[in-house]
Amino acid sequence: LLIQSRQYETRLEKEVLDRTKELRNREEEICLRLTTASDYRDEETGSHIRRLGLYAEKMAKAMGWSFKEVEEIRIAAPMHDIGKIGIPDSILLKPKGLSPEEFLIIKNHTVIGSKILSGSTVAMLQMAEKIALHHHEKWNGTGYPCGLKGKDIPEPARLLAVIDVYDALVHERVYRPPIPEAEALDIMTKDKGSHFDPDIFDVFMNILPEIREIRLQVKE
């Protein structure tokens, strides 16, 4: 009877794990489809959002996050720019520099994204809301929309700030060609401790070979 009981418990545990995995895969697919829809508006493929999720997963593991938190940020990170769906095409797709008024409008994508994701009881969506609202905050307090400083910025947003800038610099954007990685890293290193959390930036540099591998595998 003891053996049968243990076999039953093992089978139940496996069923719970299988169902949890199935639910997580379903959540991930829904979120990726939603974010891909918004990303197409600024002429990027789904590659950018897939890379962000994979970068975030690697970073969170290297930072010692729990398995649950690593899973959550892998799905939450791609939703960072979901608020761009509320920005007019004339501004979002503008190939040249934005006017101060236009920049104020595009900055609002953080607030729009937060509103889209707000009110959920799901931990992953709660994390996604914080990332959407705060991924343009800066370590020295000069970012937006709230001007948060240092560790007042939620850690997932501080993590996202590093990998989002890296991916944006080394890939083509509507307003500029891609920047060589060495040059991009030089730009980012100068912003360590001002734009970026210095500890998180150090983690990024330590696992750069893994980040680079993702970038080369998941192409436009």
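We now turn to the structure provided with this report. Note that the structure is a prediction, hence the values are computed from the model and not measured. (Residues numbered from 1 in each chain as written. Predicted model: local features only at pLDDT ≥ 70, side-chain atom pairs only at ≥ 80, totals over all residues. Heavy atoms only, no water.)

## Examining the nonpolar core
Nonpolar side chains in soluble globular proteins tend to be buried together. Ranked by size, the top nonpolar core spans 42 residues in total, and within it Met-59, Ile-73, Ile-163, Tyr-166 and Phe-204 carry the most contacts. For this core, the elements supplying multiple residues, two or more each, are α2 (47-62), α3 (67-76), α7 (123-134), α8 (155-170), α9 (181-190), α10 (198-206) and α11 (208-217). When residues in this core are grouped by element, the largest group, 8 residues, is from α8. Dropping the residues within four chain positions of it, Ile-73 is found in contact with Ala-56, Glu-57, Ala-60, Trp-65, Pro-78, Met-127, Ile-131, Pro-156 and Leu-159. (Core = buried A, V, L, I, M, F, W, Y, C linked by side-chain atoms within 4.5 Å. Buried < 20%, exposed > 50% of the residue type's maximum accessible area, 1.4 Å probe, protein only. Helix = DSSP H or I, 4+ residues; strand = E, 2+ residues; numbered from the N terminus. Contact = heavy atoms within 4.5 Å.)

## A few points about the pattern of salt bridges
Applying the stated criterion across every chain, the model contains 13 salt bridges. Residue Glu-71 pairs with Arg-74 through a salt bridge whose shortest N-O separation is 2.6 Å. Residue Glu-71 and its partner Arg-74 are both found in helix α3; the two are separated by 3 residues, about one turn of the helix. Both residues of the pair, Glu-71 and Arg-74, belong to the buried class. Ionic pairing is found between Asp-81 and Lys-84, a salt bridge with its closest N-O pair at 3.3 Å. For the pair shown, Asp-81 and Lys-84 are each scored as buried. (Salt bridge = Lys/Arg side-chain N within 4 Å of Asp/Glu carboxyl O.)

## A short note on the environment of Glu-13
The residue Glu-13 is located in helix α1 (residues 2-39) in this model. Residue classification places Glu-13 among the exposed positions, given a relative accessible area of 52%. Measuring from C-alpha to C-alpha, the distance between Glu-13 and Glu-72 comes to 21 Å, with 59 residues separating the pair along the chain.

## As for the side chain of His-195
Summarising the element assignment, His-195 is placed in the loop between α9 and α10. Not counting the four nearest positions on each side in its chain, His-195 is found in contact with Glu-137, Lys-138, Trp-139 and Val-165.

## Some thoughts on the packing of aromatic side chains
Counting across every chain of the model gives 5 aromatic pairs. Relative to Tyr-166, the ring of Tyr-55 lies with its centre 6.0 Å away and its plane at 70 degrees, an arrangement referred to as edge-to-face. With a gap of 111 residues between them, Tyr-55 in helix α2 and Tyr-166 in helix α8 connect regions that are remote in the sequence. Look at Phe-103 and Tyr-144: their rings are 6.1 Å apart centre to centre, the planes differ by 80 degrees, and that puts the pair in the edge-to-face class. In this pair, Phe-103 is assigned in helix α5 (residues 100-107) and Tyr-144 in the loop between α7 and α8, connecting sequence segments 41 residues apart. Aromatic ring contacts, followed pair by pair, group Tyr-55, Tyr-166, Phe-196, Phe-201 and Phe-204 into a single cluster. (Phe/Tyr/Trp six-rings, centres within 6.5 Å; stacked < 30°, edge-to-face > 60°.)

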